[in-house]
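# Overview (structure and organization)
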Amino acid sequence: MAENKSDLTFESVKIGDPLGPSEFHLSKDQVRAYARTTGMWVPRFTDDEAARKEGLPGMITPGNMSLAILSKLVTDWIGASGAQLTRMGTTYRQPVLPDHAITLQGFVTDKNESNHTAEMDIWLENEDGERLVIGTATVHFPR
Amino acid sequence: MSTTLDLHSHSEASEDSRAPLEAYLNWLKLRSTERPVDGIVLTEHRQFNQNADYRALEDKFGMLVLKASEVETDYGHVLVFGVTEEMTRRFDFANVRLPAQEVIDEIARMGGAAIPCHPGRPNVGLCEHYTKKPPLENVIAVEVLNGGSRKGEDERSEALVQQYGYRAIGGSDSHLVSLIGLCATRFDAEIRTTEDLVRELRGGAYEPVDFRPRRKPVPQAIAVEVK
Amino acid sequence: MAVDYDPAIIGRVFETTDPLPVTAEMVKNFCSAIGESNPIHIDAEAAKKGPYGGITAPPSFAVTFRNGQHFFQHVPRYGKQGFDAGKDVEFVGPIRPGDAISLSSHVKEIYEKTGRTGSMVFVIVRSTLTNQNGEVVAHVDHKFMNRT
């Protein structure tokens, strides 16, 4: 993930290129830190007991935090190349539970010569390979 | 000559998909070894575009592109193959509570094939409805392999097929470019048109095929801590 | 089958929020919470040499702004439980510490579908984020899912 990709250019990017996979453990404290700093300090994002009372399996990750983690998958891929994340669409399909291993993954799926952009699929999956959050992103490359 | 088709896919015409058709076909070219399909069937949600014409893209990629629809009924979601204007007049495809038995019987009468998809999925699949209501009649096949299935859902679908003797199809249910062709259906016969497809679904020989990569075992150790 | 709502609400701006100041601390805490370590977002010296000549917030900071206090007076709700079903974001320009961001929002679309959890009505609200110079920095489409 922290690999230096400053040599990434529109020309070097190929359809089928992978982003990730990047596997990590999302801790409850990290989710609470996100909830605190973004004004989302509500029980379902901070407390297991209170979340269960809402019918959830335990505290869940805010959808916007999943979006942030996925956008980081893209911006880490961009690195210092000067390219820009210009668009991102996400669907939050299923709650993301902290304290589980999650995997972020993506693929370049299209390139647009006239816009100098690349399109990519991105998603976040759990240990069972279920895609909990899916989306797409557009990256613009400088000429 | 056999034909392998992904019978369940959503292009950007479906509100929750982000995949352009051309990118789907390009991806299948790129992954032709891992996902050897001859074409796809677009099953856009709750709609059917009679006028859409994909011949130029079919020629460009040498791949079959057929049109169908995924409608929503009181027994869950149903794929409708061989959609005609008579069918879209008879049923409001945007209605999310269509009567499933009528859909199955009427679509068959009008020359199509209505096949319940992802039966193992909660609420929108047959299995859950069969625990509360009598089983549907005249079901010819159901989708037992679905690329969007969660853990246990395909297994429930397979059990349903075993219990009721339905035939089985497969489809990716892809909403993203890179997920196209992960599940498909292999037909003994050659299929070139929607008429061929409906005829084979109703009376031909076919089986679901799974091109999903085998999952590697989940590592116990945690790779990276993002902190 | 149509969902019941007043078609006049589609496209009409229902609220523009007061500008919300973006502080350096907000950006710093956000970066820390998502594990962001890119110097252009956290290191003032390094960011000076970056594309914007100073620290910018990570793109996903754009979805953290509230839609305003009167949101549910203007946006129809269906059923009992509401969930965030996703966001579509256009990142137009950078958000920096010291900016003041206001949101202007309208209902873009309302439709019904069924899924694993039952019947759902989706309400899509589009918010345009503008900074203190009147520059649009982002468009955010919020997909609100109501279980009916």
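Bear in mind that the values here come from a model prediction, so they are computed numbers and not experimental data.

It is worth spelling out the packing of aromatic side chains at this point. This model, assessed by the stated rule, comprises 12 aromatic pairs over all chains. Judged by centre distance (6.2 Å) and plane angle (75°), the rings of Tyr75(B) and Tyr130(B) are edge-to-face. Of this pair, Tyr75(B) sits in the loop between strand 3 (64-73) and strand 4 (76-81) while Tyr130(B) sits in helix 5 (residues 126-130); the two residues are 55 residues apart in sequence, bridging distant segments of the chain. Accessibility assignment for this pair places Tyr75(B) and Tyr130(B) in one class, buried. Seen from their ring centres, Phe187(B) and Tyr206(B) are 5.4 Å apart, and the 45° between their planes marks the pair as tilted. With Phe187(B) in strand 8 (residues 183-187) and Tyr206(B) in strand 9 (residues 206-210), the pair connects residues that are 19 residues apart, well separated along the chain. For the pair shown, Phe187(B) and Tyr206(B) are each scored as buried. Put simply, the rings of Tyr34(A), Phe30(C), Phe61(C) and Phe65(C) pair up and form one aromatic cluster. The residue whose ring lies beneath Arg31(B) is Phe107(A), and the NZ or CZ to ring-centre distance is 5.7 Å.

With that settled, the discussion passes to the pairing of strand 7 (residues 167-171) of chain B. All names here are of chain B. The buried fraction of strand 7 is high, at four of five residues. As paired elements, strand 6 (residues 141-146) and strand 7 share five bridges and run parallel to each other. What sits directly across from Glu 143, in strand 7, is Ile 169. Read as a crossover between parallel neighbours, the route from strand 6 over helix 6 (residues 153-164) to strand 7 is right-handed.

Rules used throughout
- Residues numbered from 1 in each chain as written.
- Chains lettered and ligands numbered in written order.
- Predicted model: local features only at pLDDT ≥ 70, side-chain atom pairs only at ≥ 80, totals over all residues.
- Heavy atoms only, no water.
- Phe/Tyr/Trp six-rings, centres within 6.5 Å; stacked < 30°, edge-to-face > 60°.
- Helix = DSSP H or I, 4+ residues; strand = E, 2+ residues; numbered from the N terminus.
- Buried < 20%, exposed > 50% of the residue type's maximum accessible area, 1.4 Å probe, protein only.
- Lys NZ or Arg CZ within 6 Å of the ring centre and 35° of its normal.
- Pairing = 2+ DSSP bridges.
- Right-handed = clockwise from strand over helix to strand, strands pointing away.

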